[in-house]
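Residues per chain, in single letters:
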Amino acid sequence: MEKNSENIYKVEVTKQATTCSDPGGAIGFIFGTYAVMCWLSMGGILSPDATLTIGIFQFLYAIGFLASSVLNTQKGNPFGAVNLVFTVAFGFVGGANQICAVLLPAKGLPYDGAVGAIFFLISGIYLLFILPGMLSIPKYLFIAYLAGAVGLILAGIGGTVGPAWTNVASGWAFLITAIGGLYNSISSTNAGLGLNWPPDGTGFKK
């Protein structure tokens, strides 16, 4: 009996170590939270007074997102590169852009948000062109990535040539991204805990 109990215990520990090494739940949560902050700031939900705080939070979250993205690339996950794009676009560039928008004018230094907007535009176009390779992922997650790409493109247009409504529209596109990212986090975490709910679903093609 003792030997059997010991063997069962070892199997359980091994299984736990394997599931905990999957960063999918963490990436989904951080990804979704990023998008929520983009929605709140660009969608006009929060006042401009929150810009600096949001920028700092985005920058800090990017550190955790970067670690998870690197782990994905080391595991050979093809989404590692996509995660890194969102890490830079949403986190480091997005956060730095928000921080600079507040601090530089306050110090009397020149600030041009078009620099960050150009990066958003390039990132959005890049994601849009790699979407055809993601048709096998769950449909809701594909829609979330599509909304993220559209949001980045609209933010890039709004920050360069305008009109201003494109920034607001990008914020609401990021809300769709946020819902998909947070749902994916819950699904991935539950799967790691042995609970197959809510299910991931099927893609547009097998």
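Since the model is a prediction, treat every value here as computed from it, not as a measurement.

Trainee: Could you clarify how one ought to interpret the packing of aromatic side chains in this entry?
Mentor: Under the criterion given, the structure shown has three aromatic pairs. Centroid distance Phe59 to Phe92: 5.2 Å. Interplanar angle 80°. Geometry classified as edge-to-face. With Phe59 in helix α3 (residues 51–74) and Phe92 in helix α4 (residues 79–106), the pair connects residues that are 33 residues apart, well separated along the chain. Among the residues examined, Phe92 registers a relative accessible area of 22% and is labelled partly exposed.

Trainee: Help me understand helix α6 (residues 139–158) in this model?
Mentor: Residue pairs three or four apart in sequence face the same way in an α-helix, which turns once every 3.6 residues. A rise of 1.5 Å per residue sets the reference length of α6, with its 20 residues, at 28 Å; its end C-alpha atoms lie 28 Å apart and thus fit the reference within 8%. The buried count for α6 comes to 14 of 20 residues, which makes it a mostly enclosed element.

Trainee: Explanation requested: the packing of helix α5 (residues 114–130) against α6 in the structure shown.
Mentor: To characterise two packed helices, one gives the angle between the axes of the helices and the distance between these axes. Where α5 meets α6, the axes come as close as 7 Å, and the angle between the chain directions of the two elements is 150°. One element, α5, and the other, α6, form an angle in the roughly antiparallel class. The interaxial crossing formed by α5 with α6 has left-handed handedness. Where α5 abuts α6, its residues Ala117, Phe120, Leu121, Ser123, Gly124, Ile125, Leu127 and Leu128 lie against Leu146, Ala149, Leu152, Ile153, Ala155, Gly156 and Ile157.

Trainee: How should α4 be read in this particular structure?
Mentor: A rise of 1.5 Å per residue sets the reference length of α4, with its 28 residues, at 40 Å; its end C-alpha atoms lie 39 Å apart and thus fit the reference within 8%. At Gly94, α4 shows its strongest bend, of approximately 30°. Looking one or two residues past α4, Gly108 carries a phi angle of roughly 75°, positive in sign.

Trainee: Sorry if this is basic, but what is going on with a nonpolar patch on the surface here?
Mentor: On the surface, Ile125, Leu128, Phe129, Leu146 and Val150 cluster together into a nonpolar patch covering about 430 Å² of accessible area. At the level of secondary structure, the elements contributing two or more residues to the nonpolar patch comprise α5 and α6. Of the residues forming the nonpolar patch, the biggest block, three residues, is contributed by α5.

Trainee: For this particular structure, what's the right way to read the nonpolar core?
Mentor: Where a protein is soluble and globular, its nonpolar side chains tend to be buried together. Among the nonpolar cores identified, the biggest contains 31 residues, and Phe86, Phe90, Tyr145 and Leu152 are the most heavily contacted of them. Of all the secondary-structure elements, those providing two or more residues to this core are α2 (24–42), α3, α4, α5, α6 and α7 (165–192). The dominant element in this core, judged by the number of residues it contributes, is α2, at nine residues. Not counting the four nearest positions on each side in its chain, Phe86 is found in contact with Phe31, Tyr34, Phe65, Gly91, Leu127, Tyr145 and Leu152.

Trainee: Just to check I follow, could you spell out the environment of Val85 for this structure?
Mentor: Considering the arrangement of structural elements, one finds Val85 in helix α4. With 42 residues separating them along the chain, Val85 and Leu127 place their C-alpha atoms 8.4 Å apart. Once residues within four sequence positions are removed from consideration, Val85 is found in contact with Ser123, Tyr126 and Leu127.

Trainee: What is the right way to look at the environment of Ala89 in this model?
Mentor: Among the structural elements, Ala89 can be located in helix α4. Considered as a pair, Ala89 and Phe120 are 31 residues apart in the sequence and their alpha carbons are 6.3 Å apart. Ala89 has contacts with Gly94, Phe119, Phe120, Ser123 and Leu152, leaving out every residue within four places of it along the chain.

Trainee: Would you mind showing me how to read the confidence of the model for the protein here?
Mentor: Parts of the model with low pLDDT should not have their predicted coordinates read in detail. On average, residues of the protein score 79 in pLDDT, and 86% of them reach the 70 mark or higher. When mean pLDDT is taken per element in the protein, α6 scores highest with 91 and helix α1 (residues 2–20) scores lowest with 45. Note that residues 8–20 has pLDDT below 50 and, in this model, one contact with residues that lie over four places away or in other chains.

Criteria and thresholds
Residues numbered from 1 in each chain as written. Predicted model: local features only at pLDDT ≥ 70, side-chain atom pairs only at ≥ 80, totals over all residues. Heavy atoms only, no water. Phe/Tyr/Trp six-rings, centres within 6.5 Å; stacked < 30°, edge-to-face > 60°. Helix = DSSP H or I, 4+ residues; strand = E, 2+ residues; numbered from the N terminus. Buried < 20%, exposed > 50% of the residue type's maximum accessible area, 1.4 Å probe, protein only. Expected span 1.5 Å × (residues − 1). Axes fitted to C-alpha atoms, helices over the stretch in contact; angles between N-to-C directions. Parallel < 35°, antiparallel > 145°, perpendicular 65-115°, else oblique. Left-handed = near helix turned anticlockwise from the far one by under 90°. Contact = heavy atoms within 4.5 Å. Bend = angle between axes of the 7 residues up to and from the residue. Patch = residues over 30% accessible without salt bridge, like charges linked within 9 Å, V, L, I, M, F, W, Y side chains within 5 Å. Areas by Shrake-Rupley, 256 points an atom, 1.4 Å probe, with all protein chains shown as cover. Salt bridge = Lys/Arg side-chain N within 4 Å of Asp/Glu carboxyl O. Core = buried A, V, L, I, M, F, W, Y, C linked by side-chain atoms within 4.5 Å. pLDDT = per-residue confidence, 0-100.

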